[in-house]
Amino acid sequence: MIKFILLTILIVVFQGCATWTGIKQDSNRAWEATKDTSSDVYHSVKESIHEATE
């Protein structure tokens with residue numbers, strides 16, 4: 001019975017670690033994509049405004 005409880009606890013702990021690592025990686029990728037896209041949009045809008053005001 002003790003082995004079963006210990007095994008269950010270990011499975012839950014390792015699943016939590018794997019999930020937390022996955023969430024951190026996914027959020028990091030999403031943040032990088034957001035920064036890249038925002039930067040591209042900012043520069044294209046800035047260029048468009050500059051061309052329109054010339």
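Our subject is the structure listed above.
Quick notes on the rules
Residues numbered from 1 in each chain as written. Predicted model: local features only at pLDDT ≥ 70, side-chain atom pairs only at ≥ 80, totals over all residues. Heavy atoms only, no water. Helix = DSSP H or I, 4+ residues; strand = E, 2+ residues; numbered from the N terminus. Buried < 20%, exposed > 50% of the residue type's maximum accessible area, 1.4 Å probe, protein only. Areas by Shrake-Rupley, 256 points an atom, 1.4 Å probe, with all protein chains shown as cover. Salt bridge = Lys/Arg side-chain N within 4 Å of Asp/Glu carboxyl O. Patch = residues over 30% accessible without salt bridge, like charges linked within 9 Å, V, L, I, M, F, W, Y side chains within 5 Å.

Caption draft 1: How the structure looks around the overall build of the chain. Per the secondary structure count, the chain includes one helix and zero strands. Referenced to the eigenvectors of the C-alpha coordinate spread, the extents of the chain come out at roughly 80 × 5 × 5 Å. Among the 54 residues that make up the chain, the fraction classed as buried is 0%. In the form shown here, the chain has an accessible surface area of approximately 5100 Å², with 68% of it arising from carbon and sulfur atoms.

Caption draft 2: Representation of the pattern of salt bridges within the structure. Scanning the model with the defined rule gives one salt bridge in all. Note that Glu-32 and Lys-35 form a salt bridge whose closest N and O atoms lie 3.4 Å from each other. Placement of the pair is Glu-32 and Lys-35 together in helix α1 (residues 2-53), with a separation of three residues, close to one helical turn.

Caption draft 3: Spatial organisation of a nonpolar patch on the surface. A cluster of nonpolar residues, Met-1, Phe-4, Ile-5, Ile-9 and Val-13, forms a patch on the protein surface that exposes about 560 Å² of accessible area. Residue Val-13 is classed as partly exposed on the basis of its relative accessible area, which comes to 44%.

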